[in-house]
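So you can see what is in the structure, the chains are spelled out below.
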Protein chains: 2
Amino acid sequence: MIHDPLEDLPGYALRRVSAAVMAKLAEGLSRLDLRPAESTVLLVIGANPGVTQSEVGRLLGIASANMAPLVARLADRGLIVREAVDGRSQGLTLSDGGRRITVKTRSVVDELESDLLARIPAVERAAFLKVLFALARDQDD
Amino acid sequence: MIHDPLEDLPGYALRRVSAAVMAKLAEGLSRLDLRPAESTVLLVIGANPGVTQSEVGRLLGIASANMAPLVARLADRGLIVREAVDGRSQGLTLSDGGRRITVKTRSVVDELESDLLARIPAVERAAFLKVLFALARDQDD
DNA sequence: TATTGTTATACTCTATAACTATA
DNA sequence: TATAGTTATAGAGTATAACAATA
């Protein structure tokens, strides 16, 4: 049998669990022709109509250089609408089609999150989530 | 203030924490001219001299098509040695230089893992790690 | 037939540099 | 000066398909 020198490393475990969750998410979103990053952008715009592209990027930790083509693709597909706020900022809003696909996105995400929660024993669930969210908030750059 | 519709989603929190840890790892390994995936391969070979490329890939969840160039680069740099086991398998072993860089790799990894552990309150630490490792083992594909 | 290893290729996310236009 | 947005480009990880050689 082969020895795994990484089995006791929480950082590596985080990486593997995250990768598995992301793979399932990508698969679930594929029938909507959405990528994971696009799905989070849609969810943020849906919850914050008129939000700015740079605000979305800051919230999600996506650099502005990477937001540009991402938002452009969503606009090209007619899922979001860009309206000038001032000379350099554009408020983002979901179109009707964008709202429809965002509802479906949320159901894909919710099912995945439920599956994940179900795999966490009830006894440790509260402690696990508390630590996880604290870690996520701390390095919210 | 902008509302974050993802702040209660454990899957998304996993993704953000993992991304932050990976970014720090990549930065720490850059002075060794190693990528994260390469560092894990070195650690596994170091702990299992003579291990096969396909065994390493299975353990780490790296497809064989992606293992090939990764191992080739490590061999080209003289960090690992490939010896034929049978006609189609090659046993992988660290060279002297490979052992030296693997020791440094381990210290980079260990420091990062210590930092991560230190950010987990002692009260919840055991429960958090138990769940995390269980999740990682479950989807060990 | 199944497995090992390889090549080619494409996709997704991320990172940096350089730039325009506006506040 | 600082910020919003864009373009170009590169790096890293991962995925599939197709293949040769071997068990």
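Rules used in this analysis
- Residues numbered from 1 in each chain as written.
- Chains lettered and ligands numbered in written order.
- Predicted model: local features only at pLDDT ≥ 70, side-chain atom pairs only at ≥ 80, totals over all residues.
- Heavy atoms only, no water.
- Least-squares fit on C-alpha atoms with pLDDT ≥ 70 in both.
- Contact = heavy atoms within 4.5 Å.
- Buried area = accessible area lost by both parts, 1.4 Å probe.
- Salt bridge = Lys/Arg side-chain N within 4 Å of Asp/Glu carboxyl O.
- Helix = DSSP H or I, 4+ residues; strand = E, 2+ residues; numbered from the N terminus.
- Near = heavy atom within 4 Å.
- Polar contact = N/O pair within 3.5 Å; in protein donor to acceptor, adjacent residues only side chain to side chain.
- Phe/Tyr/Trp six-rings, centres within 6.5 Å; stacked < 30°, edge-to-face > 60°.
- Core = buried A, V, L, I, M, F, W, Y, C linked by side-chain atoms within 4.5 Å.
- Buried < 20%, exposed > 50% of the residue type's maximum accessible area, 1.4 Å probe, protein only.
- Arc of directions from axis to C-beta.
- Pairing = 2+ DSSP bridges.
- Axes fitted to C-alpha atoms, helices over the stretch in contact; angles between N-to-C directions.

## Re the relation of the copies chain B and chain A
With an axial shift of 0.0 Å and an RMSD of 0.0 Å, the rotation relating chain B to chain A amounts to 180 degrees. Taken together, the rotation and translation relating the two chain copies correspond to the operation of a two-fold axis. In terms of C-alpha distance to the rotation axis, chain B has Phe-128 of chain B as its closest residue, with the C-alpha 2.3 Å off the axis. Both copies present the same face, since 98% of the interface residues in chain B are matched by interface residues at the equivalent positions in chain A.

## Regarding the interface of chain B and chain A
Many analyses report the size of an interface as the accessible area lost when the parts associate. Counting residues at the interface gives 55 residues for chain B and 54 residues for chain A. Taken together, the two surfaces of chain B and chain A that pack against each other cover about 5100 Å², and 70% of this comes from carbon and sulfur. Glu-124 of chain B is paired through a salt bridge with Lys-130 of chain A; the nearest N and O atoms lie 2.8 Å apart. If you list the elements that add at least two residues to the side of chain B that touches chain A, you get α1 (10-30), α2 (36-47), α3 (53-60), α5 (96-118) and α6 (122-138) of chain B. For the side of chain B that touches chain A, the leading source of residues is α1 of chain B, giving 14 residues.

## Thoughts on the protein's contact with DNA strand D
Looking at DNA strand D, there are 19 residues lining it, with Gln-53, Ser-54 and Arg-88 of chain A together with Asn-66 and Gly-87 of chain B nearest. A distance of 2.9 Å is found between a phosphate oxygen of DNA strand D and a backbone nitrogen or oxygen belonging to Ala-37 of chain B. Take Asn-66 of chain B: an N or O atom from its side chain is 2.7 Å from a base nitrogen of DNA strand D. For the surface near DNA strand D, the secondary-structure elements that each account for two or more residues are α3 (53-60) and α4 (64-76) of chain A together with α2 and α4 (64-76) of chain B.

## Details of the packing of aromatic side chains
Throughout the structure, instances matching the rule amount to one aromatic pair over all chains. Plain terms: the ring middles of Phe-128 of chain A and Phe-128 of chain B are 5.0 Å apart, the flat faces sit at 20 degrees to each other, and that makes the pair stacked. Taken as a pair, Phe-128 of chain A in helix α6 (residues 122-138) and Phe-128 of chain B in helix α6 lie in two separate chains rather than in one.

## Things to note about the nonpolar core
Core analysis: the largest hydrophobic core is formed by 84 residues, its most contacted members being Val-41 and Phe-128 of chain A together with Val-41 and Phe-128 of chain B. Apart from residues lying up to four places away in sequence, Phe-128 of chain B is in contact with Phe-128, Val-131, Leu-132 and Leu-135 of chain A together with Ile-120 of chain B.

## What to know about the protein's contact with DNA strand C
DNA strand C sits among 19 residues. The nearest are Ala-37, Asn-66 and Gly-87 of chain A together with Ser-54 and Arg-88 of chain B. For DNA strand C, the fraction of atoms within 4 Å of the protein that belong to sugar or phosphate moieties is 62%. Contact between DNA strand C and Ala-37 of chain A: a phosphate oxygen at 2.8 Å from a main-chain N or O atom of the residue. Side-chain polar atom of Arg-82 of chain B to a phosphate oxygen of DNA strand C: 3.2 Å apart, as the coordinates give it.

## Description of the environment of Gln-139 of chain B
Along the chain, Gln-139 of chain B falls in the segment after α6. A residue is classified by how much of its surface remains accessible, and Gln-139 of chain B, at 9% relative accessible area, is buried. With residues near it in sequence (within four places) discarded, Gln-139 of chain B still touches Val-17, Ala-20 and Arg-119 of chain A.

## Some details on α3 of chain A
For α3 of chain A, the set of buried residues is Gln-53, Val-56, Gly-57, Leu-59 and Leu-60 of chain A. Looking down the long axis of α3 of chain A, one finds its buried residues gathered within 165 degrees of arc, a one-sided arrangement. Where α3 of chain A is buried, its residues meet α2 (36-47), β1 (51-52), α4, β2 (80-84) and β3 (90-94) of chain A together with α1 of chain B. Just beyond α3 of chain A, the residue with positive phi is Gly-61 of chain A, at close to 70 degrees.

## Thoughts on the pattern of salt bridges
Using the criterion set out here, one finds ten salt bridges over all chains in the structure. For Asp-33 of chain B, the salt bridge identified is with Arg-73 of chain B, shortest N-O distance 3.4 Å. Of this pair, Asp-33 of chain B sits in the loop between α1 and α2 while Arg-73 of chain B sits in helix α4, and the two are 40 residues apart along the sequence. Connected through shared salt-bridge partners, Asp-33, Arg-35, Glu-38 and Arg-73 of chain A make up one network.

## A few points about the sheet that holds β1 of chain A
All names here are of chain A. Taken together, the three strands give an open sheet; going across it, the order is β1-β3-β2, and neighbouring strands pair in antiparallel fashion. Where the open sheet ends on each side, the last strands, each with one partner, are β1 and β2. Two elements, β2 and β3, share five bridges in a ladder whose sense is antiparallel. Within β3, the position partnered with Glu-83 by the bridge is Gly-91. Strand contacts of α2: β1, β2 and β3, with the helix running at about 95 degrees to β3, the strand carrying the most contacts.

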